[in-house]
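A closer look at the structure
Now for the letters of each chain:
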Amino acid sequence: MDWLERLRRRREAPARTGRLDVAQARQVAALHHQGGFARLWEPGECAALLADPSILTDGVFSGSAAEPSGFVMSRLAADEAEILSIVVARAGRRSGLARSLLAAHLARLSARGVGRLFLEVEEANAAALGLYREFGFAEVGRREGYYPKADGSRAAALVMRLDLS
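Please read all numbers here as calculations on a predicted model, not as lab measurements. (Residues numbered from 1 in each chain as written. Predicted model: local features only at pLDDT ≥ 70, side-chain atom pairs only at ≥ 80, totals over all residues. Heavy atoms only, no water.)

This brings us to the pattern of salt bridges. All chains considered together, the criterion is met by 11 salt bridges. For D58, the salt bridge goes to R108, with nearest N and O atoms at 2.3 Å. Of this pair, D58 sits in strand β2 (residues 55–61) while R108 sits in helix α4 (residues 97–111); the two residues are 50 residues apart in sequence, bridging distant segments of the chain. Taking the shortest distance from any N to any O, the salt bridge between R143 and E120 comes out at 1.7 Å. Of this pair, R143 sits in strand β6 (residues 138–148) while E120 sits in strand β5 (residues 116–122), and the two are 23 residues apart along the sequence. A residue is classified by how much of its surface remains accessible, and R143, at 37% relative accessible area, is partly exposed. (Salt bridge = Lys/Arg side-chain N within 4 Å of Asp/Glu carboxyl O. Helix = DSSP H or I, 4+ residues; strand = E, 2+ residues; numbered from the N terminus. Buried < 20%, exposed > 50% of the residue type's maximum accessible area, 1.4 Å probe, protein only.)

Structure, rendered in structure tokens:
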């Protein structure tokens, strides 16, 4: 659990994390819209995902805020999981919220018996790549032309994996 040791050594302002549920579908959709994705999730889609028992969703909360400042959502399958999306609101970026959120989510996945976690990230997303590599994710594949861009071009996705056990 190398990722856990790295987390314990970090000294940052604490952020509250917690599970999200169907009641927060609109907030999750609004956050997803800030993620820069070509295809945006609508509240109904978010509600369906949040209600799905194979989906694990955590939120991060700044200070005493009642609404999440970010979320991470993973789909579980046996002893593996895949991060479907992780987003922190623009106003909360570069403040350690994503790190707190991902750390809490990894702990919950590990407690649920997940041994391997996968994700896909656009190869040009330096901030996300830095975060994932800090936690020990390693590149295990590449999908050319995976992400559609606003200008009509397509960007490659890097497939990354973290062994939690």
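For the structure shown, the criterion picks out 3 aromatic pairs. Ring centres of Y146 and Y147 lie 5.0 Å apart, and the angle between their planes is 90 degrees; this geometry places the pair in the edge-to-face category. By relative accessible area, Y146 is classed as partly exposed at 35%. (Phe/Tyr/Trp six-rings, centres within 6.5 Å; stacked < 30°, edge-to-face > 60°.)

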